[in-house]
Amino acid sequence: MASSGIDVPHSAMAQYEIGAGEKETDSYGGYNEKLHEEARIGARDSDAVSVQTTYDSTHRQLRPRHIQLIGIGGTIGTALYVQIGHGLLNGGPASLFLAFTIWCTFILAVTNCMSEMVTYLPISSPFIRFAGRYVDEAFGVAAGYNFFIFEAALVPFEIVACNVIIHYWSDAVPAGGIIAIVIVLYGIINVFAVKWYGESEFWLAMGKVLLIVGLIIFTFITMVGGNPLHDRFGFRYWNTPGAFAELYKTGNLGRFLGFLQCLIQASFTIAGPDYVSMAAGEAENPRKVMPKAFNGVFYRLTAFFVLGSLAVGILVPFDDAELKAAFKNGLPGAAASPYVVAMDRLKIRILPDIVNSMVLASAFSAGNSYVYCASRSLFGLALEGKAPKILTKCTKSGVPIYCVAVVLAIALLSFLQVSNNAAVVLNWFVSLVTASQLINFSVMAFTFICWKRACDAQGLDRTKLPHTSFWQPFSAYYALTGCFIMTFVGGYTVFLEGQWDVPTFLFSYLMIFVFPVIFVGWKVLKKTKWLKPHEVILRTAEVDAIDEYTRNYVERVPRTRWHAYVDKIFS
């Protein structure tokens, strides 16, 4: 994921004291406000909070192609190539396909909520800061730390995935050695080579797109007989061994539990609106670019996740011995990816090595990006006075060195693989990240509900906003209900007879306990206030600045004809 601009956010609860001005009716449906002649951050009364405020120093230089590919690069990771095989084993091809299709509807609902708020106020770290502005400062702080933990936990996940993929070729280098090398490389790149991020993230994301599109095309060609064995297998594995696998129990209950496990897998694998929204603070002409970027999430979900889950179920049976050995016994080998399993079975040479190499590059790139994003998330919290001040220290080149060190320290959790098999450790991090991600989505949906209530209470006509989301507030309630329930369902297996496992329980439910602790702790410590609809500040100096920027925006001329062609495709 590319630079999201989350390193220097404004205070989520900044209250503007307006200087002399006159009343004016603006373009948003008769919503009245005072024109900002002077604005300063003022201290609130005894019922409110006092926070340290910093200013956003990011620049709007991300073109439409950057925004689109940031969204794609953030959503396509190792889970779509490797971990998805675990879902196939648990539920079978039909359960996997249905689960991914159903979960895409919840992500679309979350995306629908974010698109309206972010287009109205496209700032850095939007959903975290919206949570503080429209709900409660303590709610925003809890959301901020949850997002940091989410990004930081993805680092050891990708490191372990790198190790699993490398062992496809050889076991000569021990797991501890590979993990140490990757962590050191992440440290060097993030401390000394940050300037390489810009355009490189665009091309890395493009590589991920080409890989998944290529694998979907590969599936179609091979299933109709375009393989060395000339085997027209089609949907054979949906009949034998079957479309639905039984898990833990037999009969319909077992098949339902298999589907449920696939749904949990989908909730980990599929993402979208958080990565797109994080780039809003650096997007060129965001009022035009961001709605298109959010709309693009629909096509990505359909093309990559729905078709990807279908492809896996076509290529590999859910009882494949090699796939079972990899995920249940932690054995290294081709089963690191179900696509590679299929290629080996069809006697296709060279291609498995190419695919594994690209998946390895994808995993390494993703982990490196997560180090960057997690460190900047923590840096932003520190700048707002919500994390230790020492974390604001930067190198001469502007790298928050101590924040990077904290993230790399968390990455040391990947050494758990030294005393446990890779499959078990991957599942631990999947559980932790899934819970954090679902809390993120729940926060987004709930924040929109509060935003809409504030708009209704203050007479702001949402139909006259730069972008209006559809089917509201039902879409928000649909997203909130699904994501909130799945947050608690994720670790249900530990409560089944004979399945209790302490690490699995902790990784599955840790964030569910941490989030309210942070919320209550900050609320008590800072005496923050749960905002009523009429108390929410909908119109700030930032909105005026965005309005003026949009009116005066002049599109930059692409540097080359190639850049113009690519911009046109992604605009």
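Above this text sits the structure in question.
Read on for an overview of the structure. All values reported here derive from a predicted model rather than from experimental measurement.

Tracing the backbone through its elements, the reader meets tyrosine 81 in helix α2 (residues 78-120). Residue tyrosine 81 is classed as buried on the basis of its relative accessible area of 0%. As a C-alpha pair, tyrosine 81 and valine 312 span 231 residues in sequence and 9.1 Å in three-dimensional space. Separated by 3.3 Å, the side chain of tyrosine 81 and the backbone oxygen of lysine 208 make a polar contact.

This part is about the nonpolar core. Ile67, Trp103, Ile270 and Trp451 are the most contacted members of the largest nonpolar core, which has 175 residues in total. Broken down by element, this core gets its largest block of residues, 22 residues, from α2. Among residues more than four places away in sequence, those in contact with tryptophan 103 are Leu263, Ala266, Ser267, Ile270, Leu438, Gly482, Cys483 and Met486.

Inspection of the entire model under this criterion finds 12 salt bridges. For the salt bridge of aspartate 547 with arginine 287, the shortest nitrogen-to-oxygen distance reads 2.7 Å. Pair noted here: aspartate 547 is in helix α18 (residues 541-552) and arginine 287 is in helix α10 (residues 286-315), with a separation of 260 residues, a long-range link. By relative accessible area, aspartate 547 is classed as buried at 10%. When its relative accessible area of 11% is taken as the criterion, arginine 287 is described as buried. Across the pair aspartate 547 and arginine 539 runs a salt bridge whose closest N-O atoms are separated by 2.9 Å. Taken individually, aspartate 547 and arginine 539 each receive the classification buried, so the pair is uniform in this respect. Counted as one network, the salt bridges with shared partners bring together Arg287, Arg539, Asp544 and Asp547.

What counts and how
Residues numbered from 1 in each chain as written. Predicted model: local features only at pLDDT ≥ 70, side-chain atom pairs only at ≥ 80, totals over all residues. Heavy atoms only, no water. Helix = DSSP H or I, 4+ residues; strand = E, 2+ residues; numbered from the N terminus. Buried < 20%, exposed > 50% of the residue type's maximum accessible area, 1.4 Å probe, protein only. Polar contact = N/O pair within 3.5 Å; in protein donor to acceptor, adjacent residues only side chain to side chain. Core = buried A, V, L, I, M, F, W, Y, C linked by side-chain atoms within 4.5 Å. Contact = heavy atoms within 4.5 Å. Salt bridge = Lys/Arg side-chain N within 4 Å of Asp/Glu carboxyl O.

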